[in-house]
Amino acid sequence: MLIKDIFLSKTPVISFEIFPPKREYPIETVYETIESLNKLKPDFISVTYGAGGSSRDRTVEIASTIKNKYGIEALAHLTCLSSSKEDIQTILMELRQNQVENILALRGDIPSEGLKGEPYFNFAKELVSFIKSEGGFCIGAAAYPEGHVECASLDKDIQYLQEKVQCGVDFLITQLFFDNKRFYEYKDKLVQKGINVPVMAGIMPVLNKNQIKKMVSLSGASLPNNIIRILDKYEHSPEALREAGIAYATEQIIDLLSWGADGIHIYTMNKPDVADTILNNLSQIRSVLTKENHC
Ligand code: FAD
């Protein structure tokens, strides 16, 4: 099923993000994660591509397993900056052969050692246009409520986002954020610009101080004082930090759902127990929203 059609039949859409294990780990480790996430009945599961050093060639295989073994919709991430036109054509063919119909079209980060030669695709919007021209896929793209780290201003970034969406984007998923106000102001700006595709709020539970600090420095997302206090207070007690991180993410999601967010995308970090606790905290809320869908 195309994810854009899920949005037509229900909101909020709930999804999880996982990453492929590194080459030195057996692929089965991620299948245990999917097995557990499957019990939570997400609307789709996305699989990253080459992010955080994970293996690229496993993305198609894992997305295919999500779709064909577990019967859950799969969203395959795909970056283009270091790929040729032929590389992308090959991956699109493999996705098609495996009945994976949804792609998150991304540029990818500029490597710290710089680019080797002139890229064929310079920006995600070029990948979006290319996939669109090949036909048959539902296309998602990344959005940044606090602006992309390389862009001079949020308004400029939204202007580029508008161009990307016009190339054929069906829905957006945001980078992690910890202050919902940023998301609401961003959504207002998108609507003013005529960007009306569904926008899923990307939520990452804070479970590890160093990991969050790294994510924040890479992404440019801001850390509000209440998160800094939690990280400082409980950094040496993983269980306490887990409890606080889950409570914070749950509160963020309840507020987003009450506000009317189109969807919630949980960055699970391959920890299904965390996603499980968060969704259990929301069981009655989700059932009210499901009933509203049927009215
Ligand atoms: P683009 O939309 O191309 O934007 C990149 C930059 O270029 C921005 O600063 C933008 O403002 C600017 N820009 C856009 N168009 C123009 C233009 N015409 N002229 C000048 N500047 C322009 N990375 C991975 O490697 N693997 C993953 O699986 C992955 N998954 C992600 C999932 C989500 C939900 C998000 C939010 C990010 C993910 N990333 C992933 C990170 C992403 O690849 C980086 O943030 C990357 O730096 C930008 O990708 P993009 O697709 O947003 O690029």
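Before reading on, note that the structure itself is shown above.
Below you will find a few notes about this structure. Just so we're clear, the structure is a prediction, and the values are computed from it rather than from any experiment. (Residues numbered from 1 in each chain as written. Predicted model: local features only at pLDDT ≥ 70, side-chain atom pairs only at ≥ 80, totals over all residues. Heavy atoms only, no water.)

1. Some words on the packing of helix α9 (residues 225-234) against helix α10 (residues 238-259)
A pair of packed helices can be characterised by two numbers: the angle between their axes and the separation between those axes.
Reasoning step 1: One way to put it is that α9 packs onto α10 with a least axis distance of 9 Å and a crossing angle of 165°. For the element pair α9 / α10, the angle class is roughly antiparallel. Remark: the crossing between α9 and α10 carries right-handed chirality. Where α9 approaches α10, its residues Asn226, Ile227, Ile230, Leu231 and Tyr234 are matched on the opposing element by Pro238, Ala240, Leu241, Ala244 and Tyr248.
Reasoning step 2: Taken together, the residues of the contact of α9 with α10 sort by class into nine nonpolar, one polar and no charged. (Axes fitted to C-alpha atoms, helices over the stretch in contact; angles between N-to-C directions. Helix = DSSP H or I, 4+ residues; strand = E, 2+ residues; numbered from the N terminus. Parallel < 35°, antiparallel > 145°, perpendicular 65-115°, else oblique. Left-handed = near helix turned anticlockwise from the far one by under 90°. Contact = heavy atoms within 4.5 Å. Nonpolar A, V, L, I, M, F, W, Y, C, P; charged D, E, K, R; others polar.)

2. Quick notes on the packing of aromatic side chains
Reasoning step 1: Per the stated rule, a full pass over the model turns up eight aromatic pairs.
Reasoning step 2: On the basis of an interplanar angle of 75° and a centroid distance of 5.6 Å, the ring pair of Phe121 and Phe130 is categorised as edge-to-face.
Reasoning step 3: A relative accessible area of 11% means that Phe130 is categorised as buried.
Reasoning step 4: Here Phe183 and Tyr184 contribute two aromatic rings whose centre-to-centre distance is 6.1 Å and whose plane-to-plane angle is 75°, an arrangement assigned as edge-to-face. (Phe/Tyr/Trp six-rings, centres within 6.5 Å; stacked < 30°, edge-to-face > 60°. Buried < 20%, exposed > 50% of the residue type's maximum accessible area, 1.4 Å probe, protein only.)

3. What to know about the pairing of strand β8 (residues 263-267)
Reasoning step 1: For β8, the tally of buried residues reaches five of five residues, placing the bulk of the element in the interior.
Reasoning step 2: Residues of β8 alternate between two faces, with Gly263, His265 and Tyr267 on one and Ile264 and Ile266 on the opposite face, all of them buried.
Reasoning step 3: Of the strand pairs in this sheet, strand β1 (residues 13-18) and β8 are connected by five bridges, and their pairing is parallel. Bridging from a neighbouring strand, Val13 pairs with Gly263 of β8.
Reasoning step 4: Strand direction decides the pairing type here: strand β7 (residues 199-203) and β8, joined by four bridges, are parallel. Bridge pairing links Met200 to Gly263 in β8. (Pairing = 2+ DSSP bridges.)

4. Considering the site of the ligand
Reasoning step 1: The full set close to the ligand counts 25 residues, and Asp109, Tyr144, His148, Asp157 and Lys164 are the nearest of them.
Reasoning step 2: Between the ligand and Asp109 there is a distance of 2.6 Å, counted from an oxygen atom to a side-chain nitrogen or oxygen.
Reasoning step 3: Residue Asp157 places a side-chain N or O atom 2.6 Å away from an oxygen atom belonging to the ligand.
Reasoning step 4: Here the ligand, which alone exposes 990 Å², has 86% of that area covered by the protein.
Reasoning step 5: Listed by contribution, the elements that provide at least two residues to the shell around the ligand are β3 (73-79), β4 (102-106), α5 (124-134) and α6 (154-166).
Reasoning step 6: Broken down by element, the residue count for the shell around the ligand peaks at four residues, all from α6.
Reasoning step 7: Each residue belonging to the shell around the ligand can be placed in one class, and the counts come to 12 nonpolar, six polar and seven charged. (Near = heavy atom within 4 Å. Polar contact = N/O pair within 3.5 Å; in protein donor to acceptor, adjacent residues only side chain to side chain. Areas by Shrake-Rupley, 256 points an atom, 1.4 Å probe, with all protein chains shown as cover.)

5. Brief notes about the sheet that holds β7
Reasoning step 1: Taken in spatial order, the eight strands line up as β1-β2-β3-β4-β5-β6-β7-β8 and close into a barrel, and their pairing is parallel. Averaged over all pairs of adjacent strands, the angle between strand axes in this sheet comes to 25°, irrespective of strand direction.
Reasoning step 2: Of the pairings in the sheet, the one linking β4 to strand β5 (residues 138-143) comprises four bridges and is parallel in character. When the sheet's bridge partners are listed, Ala105 is paired in β5 with Ala141.
Reasoning step 3: Against the sheet, helix α3 (residues 58-68) contacts β1, β2 (44-47) and β3, and its axis sits at roughly 165° relative to β3.
Reasoning step 4: Contacts from α5 reach β3, β4 and β5, with the element oriented near 150° to β4.

Function cannot be read off these values alone, since they describe shape.
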